[in-house]
Amino acid sequence: MAEADRTHYRTVFISDIHLGTAGCQAEKLTRFLKSVTCDDLYLVGDIVDGWKLKKQFFWPQEHTNVVRKILTKSKRGTRVHYVTGNHDEFLRKFVDYRLTLGNIRVVNEAVHETADGRRLLILHGDLFDVITRYHRTIALAGDVAYEALIASNRYINFFRRKFGLGYWSLSNFAKHTTKRFVNLISSFEDSVAHECRKRGFDGIVCGHIHHAEIRDIDGVTYYNTGDWVESCTALVEHADGRMEILDWSENGVQRSEKVTPIRSAAAG
């Protein structure tokens, strides 16, 4: 794809790619990365799934292609910020050494200033998930159950495609219709928004729960980038500071989900 045919964004945020797992939708992500250029690219955690790779090595060519696209963007001038998550927590021990790889820096959190002057805290979010933080055995068991749901998704959607039906996620349906999951997500969102408010930021960008979202929580703008296992979503910042969720779940076709206005519009 020629450079002129790509859409340029001031900033792109993606998370929860889970390279190294069968559920990673690497081909869609590669198409997305080919279609955009940006000044800053934030990888908001769980990019490489160290938990899964530690148990069983899985790394097809499609996953290498994602890494190559990120490295190419870095080589061409995009500032790449790798924010560590719980599945790639093995990188956290290198953060104190201020690890940089060319134009890529590895951090546990970052601060981003939007074009309209808002300060956003960027972190993965696992530290605000009580199960991940305090009940690791349960978290690991939940990860196995989640993988089973993702495997079911593949079979269900194979037959849906045969009948001309669109993508549907069993795991998303289970998460967002089960009261316990809904309560956990709500608690997570409130916790990260509270941390953001306490530290004096205007908003927070995170991942972790695989649910793309833009909403106001008591004066703090909460952004979640979603994932590239189920929803195939990215958060992007336009040149004027507007933030938007892009949905690439339907065969890599971009659809706009939600947009937040620039500060001046919101204030007016």
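Notes on the structure follow. Just so you know, these numbers come straight off a predicted model, no measurement behind them.

## What to know about the nonpolar core
Thought 1: Grouped together as the largest cluster of nonpolar side chains are 30 residues, with contacts concentrated most on Ile14, Phe32 and Trp228.
Thought 2: Going through the elements one at a time, strand 1 (7–14), helix 1 (26–35), strand 2 (36–44), helix 3 (61–75), strand 3 (79–83), strand 5 (104–107) and strand 11 (233–237) are the ones with two or more residues in this core.
Thought 3: Listed in part, the 15 residues of the second largest apolar core include Phe13, Tyr42, Ala212 and Tyr223.

## Focus: the environment of Val48
Thought 1: Locating Val48 in the fold gives a position in the loop between strand 2 and helix 2 (50–55).
Thought 2: Take Val48: its relative accessible area is 18%, and that puts it in the buried class.
Thought 3: Along the backbone, Val48 and Glu89 are 41 residues apart, and their C-alpha atoms lie at a distance of 9.5 Å.
Thought 4: In this view, Val48 contacts Leu19, Leu53, Trp59, Tyr82, His87, Asp88 and Phe90; residues no more than four positions away in its chain are not counted.

## What about helix 3?
Thought 1: The end-to-end C-alpha distance of helix 3 is 21 Å, a good match for the 21 Å that 15 residues give at a rise of 1.5 Å each.
Thought 2: Looking at helix 3, one finds that the buried residues are His63, Val66, Lys69, Ile70, Lys73 and Ser74. Take helix 3 and look down its axis: the buried residues cluster within an arc of 140°, on one side only. Exposed residues lying more than 90 degrees from the buried face of helix 3 are Arg68 and Lys75.
Thought 3: Within two residues after helix 3, Gly77 carries a phi angle of roughly 115°, on the positive side.

About the criteria used
Residues numbered from 1 in each chain as written. Predicted model: local features only at pLDDT ≥ 70, side-chain atom pairs only at ≥ 80, totals over all residues. Heavy atoms only, no water. Core = buried A, V, L, I, M, F, W, Y, C linked by side-chain atoms within 4.5 Å. Buried < 20%, exposed > 50% of the residue type's maximum accessible area, 1.4 Å probe, protein only. Helix = DSSP H or I, 4+ residues; strand = E, 2+ residues; numbered from the N terminus. Contact = heavy atoms within 4.5 Å. Expected span 1.5 Å × (residues − 1). Arc of directions from axis to C-beta.

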